[in-house]
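# Summary of structural features
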Amino acid sequence: MTDRPSDQNLPPYPPSASGAFYDAIATEGRFALQRCADCAQFLYPAHDVCPSCLSTDLPLADAPPQGRIASETTIRATTNPYFQDRLPIRIGLVILDCGPSMIAFLDDGAGMGDRIGVSFRPDTFGRAMAWAK
């Protein structure tokens with residue numbers, strides 16, 4: 001017997017190279033995004049090329065972790081085994097003050113139109129998950 005969770009309890013997606021740096025900063029307790037070295041635009045999700053100026057110089061930079069919830073929903077049913085024991089799940093679209101938008105899990109009490117703080121938290125598998133609180 002191993003300590004590895006059953007396949008049924010694994011995250012619903014394989015790890016990606018572009019997401020690996022978000023996993024690392026989540027374990028450090030930082031909120032950082034790619035920021036174009038040429039035009040200073042923050043980017044999310046991970047990009048290979050800046051959509052504004054086409055630069056490929058996109059280092060991670062600490063980003064302001066505030067934004068506004070533009071929409072929200074509660075997921076009450078899923079066929080995905082990973083999420084079935086975590087229902088209901090509240091998620092929302094967060095428009096970050098620094099520019100990009102992201103889907104984030106919502107803490108209790110956070111709702112549409114609210115100003116919130118955003119963080120990356122590692123899940124039980126060490127994957128970065130965006131949270132709005």
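Residues numbered from 1 in each chain as written. Predicted model: local features only at pLDDT ≥ 70, side-chain atom pairs only at ≥ 80, totals over all residues. Heavy atoms only, no water.

## Section: the pairing of strand β5 (residues 89-96)
Counted only if it meets this: We call two strands paired when DSSP finds no fewer than two bridges between them. Segments assigned H or I by DSSP are reported as helices when at least four residues long, segments assigned E as strands when at least two residues long, and all are numbered from the N terminus.
When strand β4 (residues 66-75) meets β5, the two strands line up antiparallel, connected through eight bridges. Each residue of the ladder has a partner; that of Ile 75, found in β5, is Ile 89. Inspection of the sheet shows β5 paired to strand β6 (residues 101-106) by five bridges, in the antiparallel sense. Each bridged residue has a counterpart across the sheet, and for Ile 91 the counterpart in β6 is Phe 105.

## Here's the deal with the side chain of Asp 123
To keep it simple, the criterion reads: Here the term buried applies to any residue with accessible area under 20% of the maximum for its type, exposed to any over 50%, and partly exposed to those in between, with areas from a 1.4 Å probe on protein chains only. Counting rule applied: Lys, Arg positive; Asp, Glu negative; His and chain ends not counted. One side-chain nitrogen of Lys or Arg within 4 Å of one carboxyl oxygen of Asp or Glu is enough to make a salt bridge. For this analysis, residues touch if any pair of their heavy atoms sits within 4.5 Å.
Note on placement: Asp 123 falls in the loop between β7 (115-122) and β8 (128-132). The side chain of Asp 123 is buried and forms no salt bridge, while Arg 127, the nearest opposite charge, is found at 6.0 Å. Apart from the residues within four sequence positions on either side, Asp 123 is in contact with Tyr 82 and Met 129.

## Some thoughts on the confidence of the model for the chain
As a reminder of what qualifies: As a per-residue quantity, pLDDT reports the predictor's confidence and falls between 0 and 100.
For the chain, the mean per-residue pLDDT works out to 88, and 87% of the residues sit at or above 70. pLDDT under 50 marks residues 1-5. Its contacts with residues more than four places away, or in other chains, come to three contacts.

## Topic: the packing of aromatic side chains
Threshold: Two rings belonging to Phe, Tyr or Trp (six-membered ring only in the last case) form a pair when the distance between their centres is within 6.5 Å. Interplanar angles under 30 degrees mark stacking, angles over 60 mark edge-to-face geometry, and anything in between is tilted.
Using the criterion set out here, one finds six aromatic pairs in the structure. Plain terms: the ring middles of Tyr 22 and Phe 120 are 5.2 Å apart, the flat faces sit at 45° to each other, and that makes the pair tilted. Of this pair, Tyr 22 sits in helix α1 (residues 17-28) while Phe 120 sits in strand β7, and the two are 98 residues apart along the sequence. Each member of the pair, Tyr 22 together with Phe 120, is buried. Seen from their ring centres, Tyr 44 and Phe 120 are 6.1 Å apart, and the 35° between their planes marks the pair as tilted. Highlighted residues: Tyr 44 in the loop between β2 (42-43) and β3 (60-62) and Phe 120 in strand β7, separated in sequence by 76 residues. For Tyr 44, a relative accessible area of 23% translates into the label partly exposed. Residue classification places Phe 120 among the buried positions, given a relative accessible area of 5%. Three or more aromatic residues link up through ring pairs in this structure, and these residues are Phe 21, Tyr 22, Phe 31, Tyr 44 and Phe 120.

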